[in-house]
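These are the residues of each chain, in order.
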Amino acid sequence: MLFSESIRIAITALLANKLRSILTMLGIIIGVGAVIAMVSIGMGVRQQVQTSIASLGSNMLIVSPGSSSSGGIRGAAGSNVKLKLDDSDAIKNKIKNIDYVSPTVSSSYQVVNGNQNWNTTVQGVTPEFLLIRSLTVASGSFITNQDLTSRNRVAVIGKTVASNLFSDNPVGQNVRINNTPYKIIGVLESKGQSSVGQDQDDIVIIPLTTGQERLMGITYVKSINIQVSDPEKMDQVQSEIETLLRQRHRIISEKDDDFSVRNLTSLMETMTQTTTMITLLLGSVAAISLLVGGIGIMNIMMVSVTERTREIGIRKALGATFQNIMIQFLIESVVIGVIGGIIGIVFGCMAAMAISKFGGFTTVLTAAPIVLSFGFSVGIGLFFGIYPARKAALLDPIDALRYE
Amino acid sequence: MTIRLSGIKKIYQIGDQTVAALDGIDLHIKKGEFSALMGPSGSGKSTLMNILGCLDRPTVGSYQLDGEEVAKLGDDELAVTRNKKIGFVFQNFNLLSRISAWENVALPLVYAGVPKKERLEKAAYFLDAVGLGSRRDHQPNELSGGQRQRVAIARALVNDPRIIMADEPTGNLDTKSSKEIMEIFRKLHENGKTIILVTHEPEIATYASRQLLVRDGKITRDEGQGVVMDVV
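Residues numbered from 1 in each chain as written. Chains lettered and ligands numbered in written order. Predicted model: local features only at pLDDT ≥ 70, side-chain atom pairs only at ≥ 80, totals over all residues.

So, about the overall build of chain A. Within chain A, the regular secondary structure consists of 13 helices and 12 strands. Along the longest, intermediate and shortest principal axes, the C-alpha atoms of chain A span 105 × 55 × 35 Å. (Helix = DSSP H or I, 4+ residues; strand = E, 2+ residues; numbered from the N terminus.)

Right under this line is the structure:
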């Protein structure tokens, strides 16, 4: 018997019980639609987390001083004063596969404009800071190498600081930090909150040398941010930096580092893992409804076989073999899976788009869950069709013909 | 095409009792014979019919259909044999209700693997032959009993089997339709088909040239072509 013939028979049989077929398909439609919509939400969350981590600076290595120790008493991490601007220059000059190196110092100060004041973090940076943090200047300009060598008293401020201290455009005006006036040369574009809930616009940026010598009176740096050109080389660059700094700090082999090198990839990995878990969880909950839909198919196929016992008897008397009957009923349940799957995909995609449009979630539609859930629904049609189809094909023609 | 049964028994196990529905049947039907199988209900004639029609297998005995032993064939081989060699006409027509007369007639050809175009041509030819050419697109429930039985006969003929098995073909029909149907069988007999008719109406049985009486699982009387042969 031809395959196309079997499909035609199956569709005729399904059309004979339209409402019943549609209700059975509904289980599959909801299942497939739910899988697609849920996974698209999960993928959306994942994408958001990834962009927000990337906005911290992608491929970043952060070198920070280790803890100090004097007379057996160990200080807090970062209290060590051995990390110098020279170290930063050495890294920049001696290590390959590096895009930018940005040493920083930072401290909290009360900043004042007229009768307004605000407590914020003042960071001393080099011009590379702009690139490494993917910042943009909204108006004015950023710190230049000229500012760095001349130790100019200039500042670039974040949106939060600007709105708290100034009612008009702050560029060109002065702000007092530690009772010394700094000329504001630029305002940063707003970056919003970081993924850990920190306001990234609450910042004042001044040249590194100005910060070290004129404001804080220190010779060391608080951290060195390094952007690696190739994410594959992160580990290699990290170990090179560690070797270089140990050498420069003359640390003998059995002693611990007096600095630490951290990277954001581990944070990224953790976050990606978490969001993958969320996606899987949402997807598997939805997949359960697909399974329930499959049981619905089996249920209705059992009813269908019982109802059509006589038809099966007639077909067998006229020469239908076990295989003929088996295929006829299998195709019927697979057709439910296929049509249900297709409608489910349409509904799922529509739901995903509606959620991102009206629900405020970012949703990302990818091919994988669509292909997978469609394949799953066809598979379910096949799997849950086997038992009823076998039952039909095994019917004794005499008993089936006698069935009322 | 000959039918040769020897020592056929069909034994059912009901609880711890064994019941022999057929108890040693020896029967030889020649090609082109028109036989009527008669007997009271419970006599075993339906069981005999099922075995003759390859719908069932005997418990013991040999059934040679056209020289081929079919008593021991598997389900699928029996299905193929039914498809090729036997056409069925049932008391309650047994047409599929959702498809047209035309498609009903073509159904055996589906399982014979005949291409669609040829199927529909053959089906149309046999519907014309039973006088229903103009009604081929009607569904069975739009036809009268006599018309339905004619569709069933067309279906039985469509794959050109040599044997036609008719199980009480006039049981659900009025006298006029019964007569028409039996005329068709008579013509088929004249054209050389081997016909086995199961009936309990003596009037209908007279259309056949040979009358067989089944009682208690045995053939108790066999009158062929006017010659009386007591086999008791």
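There is more to say, and it comes next.
Attention now moves to the overall build of chain B. Secondary structure assignment for chain B yields 7 helices and 11 strands. For 232 residues, the compact-globule estimate of 2.2 N^0.38 gives 17 Å, and the C-alpha radius of gyration of chain B, at 18 Å, lies within 12% of that figure. Along the first, second and third principal axes, the C-alpha atoms of chain B reach 50 × 40 × 35 Å. Expressed as a percentage of the 232 residues in chain B, the buried residues total 46%. (Rg over C-alpha atoms; globule rule 2.2 N^0.38 Å. Buried ≥ 20, exposed ≤ 12 C-beta atoms within 10 Å, placed from the backbone.)

To continue, consider the sheet that holds strand S1 (residues 3-14) of chain B. Residues and elements named next belong to chain B. Strand order in the open sheet formed by 4 strands is S2-S1-S4-S5, with antiparallel pairing between adjacent strands. The open sheet is flanked by strand S2 (17-29) and strand S5 (68-69), the only strands paired with a single partner. Of the strand pairs in this sheet, S1 and S2 are connected by 10 bridges, and their pairing is antiparallel. The residue bridging tyrosine 12 from the neighbouring strand is valine 19, located in S2. (Pairing = 2+ DSSP bridges.)

All names here are of chain A. Mapping isoleucine 336 onto the fold places it in helix H11 (residues 322-359). Exposure remark for isoleucine 336: the 30 C-beta atoms within 10 Å place this residue in the buried category. Note: C-alpha distance between isoleucine 336 and isoleucine 11 (325 residues apart in sequence) is 9.1 Å. Setting aside its immediate chain neighbours within four residues, isoleucine 336 contacts Ser21, Thr24, Met25, Ile28, Ile297 and Gly381. (Contact = placed C-beta atoms within 7 Å.)

Think of interface size as the accessible area that goes away when the parts come together; that is how it is often given. Each partner contributes residues to the interface: chain B has 19 residues there, and chain A has 17 residues. Elements with a minimum of two residues in the side of chain B that touches chain A: helix H2 (75-85) and helix H3 (101-112) of chain B. A total of 6 residues in the side of chain B that touches chain A trace back to one element, the largest contributor, which is H2 of chain B. For the side of chain B that touches chain A, the residue count by class is 10 nonpolar, 4 polar and 5 charged. (Nonpolar A, V, L, I, M, F, W, Y, C, P; charged D, E, K, R; others polar.)

Time to look at the domain arrangement of chain A. If you check the domain split of chain A, you get domain 1 (3-52 + 270-402) and domain 2 (60-263). Averaged C-alpha coordinates put domain 1 of chain A and domain 2 of chain A at centres separated by 57 Å. (Domains from an automatic or database assignment.)

Across its 27 residues, helix H12 (residues 367-393) of chain A extends 37 Å between first and last C-alpha, which sits within 8% of the 39 Å expected from 1.5 Å per residue. Considering bend angle alone, the principal kink of H12 of chain A is centred on isoleucine 386 of chain A and spans about 40°; proline proline 388 of chain A follows within four residues of it. (Expected span 1.5 Å × (residues − 1). Bend = angle between axes of the 7 residues up to and from the residue.)

Moving on, we come to the nonpolar core. Val35 of chain A together with Leu37, Val105, Leu127, Ala154, Met165 and Leu197 of chain B are the most contacted members of the largest nonpolar core, which has 117 residues in total. Here this core takes 12 residues from helix H2 (residues 18-55) of chain A, the largest share from any one element. Excluding its chain neighbours within four sequence positions, the residues that come into contact with leucine 127 of chain B are Ala101, Trp102, Val105, Leu132, Gly133, Arg136 and Ala154 of chain B. Val154, Ala162, Tyr182 and Leu215 of chain A belong to the second-largest nonpolar core, a separate cluster that totals 45 residues. (Core = buried A, V, L, I, M, F, W, Y, C linked by C-beta atoms within 7 Å.)

Residue and element names in this part refer to chain A. Interhelical geometry of helix H3 (residues 85-94) versus helix H8 (residues 234-248) gives an angle of 135° and a closest axis separation of 11 Å. Comparing their axes, H8 and H3 come out oblique. For the element pair H3 and H8, the recorded crossing hand is right-handed. Across from Asp87, Ala90, Ile91 and Lys94 in H3, the residues of H8 making contact are Ile241, Leu244, Leu245 and Arg248. Here the contact of H3 with H8 is composed, by residue class, of 5 nonpolar, no polar and 3 charged. (Axes fitted to C-alpha atoms, helices over the stretch in contact; angles between N-to-C directions. Parallel < 35°, antiparallel > 145°, perpendicular 65-115°, else oblique. Left-handed = near helix turned anticlockwise from the far one by under 90°.)

Averaged over all residues, the pLDDT of chain B equals 89, while 96% of them reach at least 70. Reported for the predicted complex are a pTM of 0.70 and an ipTM of 0.92. (pLDDT = per-residue confidence, 0-100.)

Right, let's get into the environment of leucine 267 of chain A. Turning to its location among the elements, leucine 267 of chain A is positioned in helix H9 (residues 265-307). For the pair leucine 267 of chain A and isoleucine 295 of chain A, spaced 28 residues apart in sequence, the C-alpha to C-alpha distance is 42 Å.

We now examine the pairing of strand S8 (residues 174-177) of chain A. Residues and elements named next belong to chain A. The two faces of S8 differ: Val175 and Ile177 on one face are buried, but Asn174 and Arg176 on the other face are not. Alignment of strand S4 (residues 98-113) against S8, held across 2 bridges, turns out to be antiparallel. Across the sheet, valine 112 pairs through a bridge with arginine 176, a residue of S8. Strand direction decides the pairing type here: S8 and strand S9 (residues 180-188), joined by 4 bridges, are antiparallel. Pairing of isoleucine 177 across the sheet is with threonine 180, part of S9. The turn linking S8 back onto S9 is made up of 2 residues, and asparagine 178 within it adopts a positive phi angle of 55°.

We now examine unusual backbone geometry. Leaving glycine out, the prevailing phi sign among residues is negative, and the prevailing peptide bond configuration is trans. Residues and elements named next belong to chain B. You will see that cysteine 54, though not glycine, has its phi angle at about 60°, which is positive. Counting through the fold element by element, cysteine 54 comes out in the loop between helix H1 (45-52) and strand S4 (60-65). One non-glycine residue, aspartate 160, lies in the positive phi region at around 55°. Mapped onto the fold, aspartate 160 is located in the loop between helix H5 (145-157) and strand S7 (163-167). Its 13 C-beta neighbours within 10 Å are what place aspartate 160 among the partly exposed residues.

A few words on H11 of chain A. Between its terminal C-alpha atoms H11 of chain A stretches 52 Å, which fits the 56 Å expected from 38 residues at 1.5 Å a residue. Positive phi appears at glycine 360 of chain A, one or two residues downstream of H11 of chain A, with a value of about 80°.

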